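Listed below are the residues making up each chain.
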Amino acid sequence: VASFFAARSFGRQLRAAGYAASVDSTYNALVSMMPASSEDLFGTATASNRPSLMNFTISQGIANSSAIRKVYILPQVAPNPLAAGELKHFMQDAVARSSRLVETHDRLDPDALWLYDPIRLNWNIAVEVVKNTTHDRLERIRQQMMRSTGLDEAAISERGIKVPPWEFYIIDYNDDGFSFIFKLAKEIMEAMGSDVPVVRAATRKHTNNRGLDVPKNETTPFAPLGEAIDYANHKQLHYLHGVPRILRYGVRSDLVDFMEKEYDGTFYEAVANATGRKLIDLVPRDRPTDVFHPWRPGTDLQHGKHRTGIAQMLQTMEYEYAENGTRRGLDGNHTGSKRKLTMILSPMGRRSRPGRNSVQKEYVDTLTSTKIVVTSQRDRWEDHYRLMEALATGALVMTDPMSSLPRYLKDGESLVVYHSLAELKEKILYYLDHDDERLAIARKGHWIAMNHHRSWHGLERIIFGDWTKPMGR
């Protein structure tokens, strides 16, 4: 039974890659059965129908180039459409909505760069696809030269024709990081017959030895957060073009589409002015819930003991502030009248695979009706969907420490970082008592998320950005 399912999974990955052993006709037949665009699968905008005004949100820091790049995505479709995840949200959607990228389904297109998702396609298959693509491109060049010059195949072969290598990007959203980045980079170089590195890697994995647990007490800072990986001095860096870039989650387009439909408007002033649609402003909404932490105590104890400790503290705090009375600070001194706090300590809607692949209305309604959303990382790795989801819905977002915050976000300006349970508690109470400060931070965080962290922003920074530094600055 195990062998059967393993074989079936392998077959799905082959089909998803559009793989056919160097036979163009077979490959093209496979492609012809695929949807013409990601819109057919996911209902997202395509190059032909995306709003022309979308480029007004392109982030700062991207090279000033008007060139439009062709992109081939590997795999072409997810082996399991119900688990398309990052492939759907941050690769296919990003290319479809970008004003600087256009997707091609022709793997032989010499002008296309390749994006590779190692979660949804085995890396050995990716190497085989590159090998066969190199072979087929070479064969196409030979046939074209034979037609144009009249020379026979032997004469053409004597000329020592080589296929120009092409850019290959690893887009690694693995929690613990893709373990074979350098091995894959070496084999891709060999498969293309290239003398220079062609692989660029963007990965979530930029720290080692991170190992959080249930916090020992309220005042001890969270630790260990891990040490930064020194990719710049990695002994196999010569197989890569540049240093691995820091990859972060962005704002899902299906979430934005859902909210724009729900509130009958647009988040972008330029679009509102051009179309007459209502401009949506979520930040000052009436938000009856004080705190939302989308994980309940005791869930995910395998990788989320740190997160469970935060949920337990919030549960205790909710009980402590269950009714009006007198509030005392951590030192026991009277700090003012205590008011009742309303908290939600539960995912709200379906989480895991369903939550990552479809919008959960109950979850969105909770986000947009909460003043402060508390996010927390898992024990061994950092970053997740919920940070940007919370920012996009206009709440004040509090997060535990990250090795580097997503681009342009700053503690105390566009979100709030807490380093211990005691600090989290104090900051919750502070910002609930200081509405103007809370709303100002929430507004800036929302603006940065919507104008610098949509799907295409992140991918354009990767493709057009600076590969000499992890943050691409």
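The present account deals with the structure reproduced in this document.

The rules we used
Residues numbered from 1 in each chain as written. Predicted model: local features only at pLDDT ≥ 70, side-chain atom pairs only at ≥ 80, totals over all residues. Heavy atoms only, no water. Helix = DSSP H or I, 4+ residues; strand = E, 2+ residues; numbered from the N terminus. Buried < 20%, exposed > 50% of the residue type's maximum accessible area, 1.4 Å probe, protein only. Contact = heavy atoms within 4.5 Å. Areas by Shrake-Rupley, 256 points an atom, 1.4 Å probe, with all protein chains shown as cover. Pairing = 2+ DSSP bridges. Axes fitted to C-alpha atoms, helices over the stretch in contact; angles between N-to-C directions. Parallel < 35°, antiparallel > 145°, perpendicular 65-115°, else oblique. Nonpolar A, V, L, I, M, F, W, Y, C, P; charged D, E, K, R; others polar. Salt bridge = Lys/Arg side-chain N within 4 Å of Asp/Glu carboxyl O. Right-handed = clockwise from strand over helix to strand, strands pointing away.

Scanning the chain from N- to C-terminus turns up 16 helices and 15 strands. Residue burial in the chain is summarised as follows: out of 473 residues, 53% are buried. Intrachain contacts of the chain at a sequence separation of at least 6 include 73% that bridge at least 24 residues. Summed over its atoms, the accessible surface of the chain is roughly 20,900 Å², and 51% of this surface lies on carbon and sulfur atoms.

As a further point, take the side chain of Arg-438. Relative to the helices and strands, Arg-438 is located in helix α15 (residues 435-452). Here Arg-438 falls in the buried class, since its relative accessible area comes to 7%. The contacts of Arg-438, once residues within four sequence positions are left out, are Lys-371, Ile-372, Leu-396 and Tyr-431.

Below, the discussion takes up the sheet that holds strand β15 (residues 416-417). Taken together, five strands build an open sheet; the order of strands is β12-β9-β13-β14-β15 and the sheet is parallel. Either end of the sheet is taken by a strand with one partner, and the two such strands are β12 (343-344) and β15. With respect to the sheet, helix α13 (residues 385-392) is in contact with β13 (370-375) and β14 (396-399), its orientation differing from that of β14 by roughly 160°.

Where helix α14 (residues 421-433) contacts α15, the axes come no closer than 5 Å and their chain directions differ by 105°. The orientation of α14 with respect to α15, classified from their angle, is roughly perpendicular. In this structure, α14 uses Tyr-430, Tyr-431, Leu-432 and Asp-433 to contact α15, whose residues at the interface are Asp-435, Glu-437, Arg-438 and Ile-441. Class assignment for the residues of the contact of α14 with α15 results in four nonpolar, no polar and four charged.

By the secondary structure assignment, Ile-246 is in strand β8 (residues 245-246). Separated by 225 residues in the primary sequence, Ile-246 and Met-471 have C-alpha atoms spaced 5.7 Å apart. Ignoring any residue separated from it by four or fewer positions in sequence, one finds Ile-246 in contact with Thr-203, His-206, Ser-404, Pro-470 and Met-471.

Pairing between side chains becomes possible if they bear opposite charge and their charged atoms approach one another. Throughout the structure, instances matching the rule amount to 27 salt bridges. Here Lys-361 and Glu-262 are joined by a salt bridge, their closest N and O atoms 3.5 Å apart. Of this pair, Lys-361 sits in helix α12 (residues 361-367) while Glu-262 is found in helix α8 (residues 253-262), placing the two residues 99 residues apart along the sequence. Where Lys-444 meets Glu-413, a salt bridge forms, and the shortest distance between an N and an O atom there is 3.5 Å. Here Glu-413 lies in the loop between β14 and β15 and Lys-444 lies in helix α15, a separation of 31 residues in the sequence.

What follows is about the pairing of β13. When you tally the buried positions in β13, you get six out of six residues, the bulk of the element. Strand direction decides the pairing type here: β13 and β14, joined by four bridges, are parallel. Bridging from a neighbouring strand, Ile-372 pairs with Leu-396 of β14. Each parallel crossover has a hand, and for β13 linked through α13 to β14 it is right-handed.

The side chains of a regular strand alternate between both faces of the sheet. Taking burial as the measure, the five residues of strand β5 (residues 199-203) include five buried ones, the bulk of the element. Side chains Val-199, Ala-201 and Thr-203 project from β5 onto one buried face, and the interleaved Arg-200 and Ala-202 project onto a second face that is buried too. A crossover connection joins strand β4 (residues 168-172) to the parallel β5 through helix α7 (residues 181-192); in handedness this β-α-β unit is right-handed. Note that β5 and β8 share two bridges and pair parallel. The residue bridging Ala-202 from the neighbouring strand is Arg-245, located in β8.

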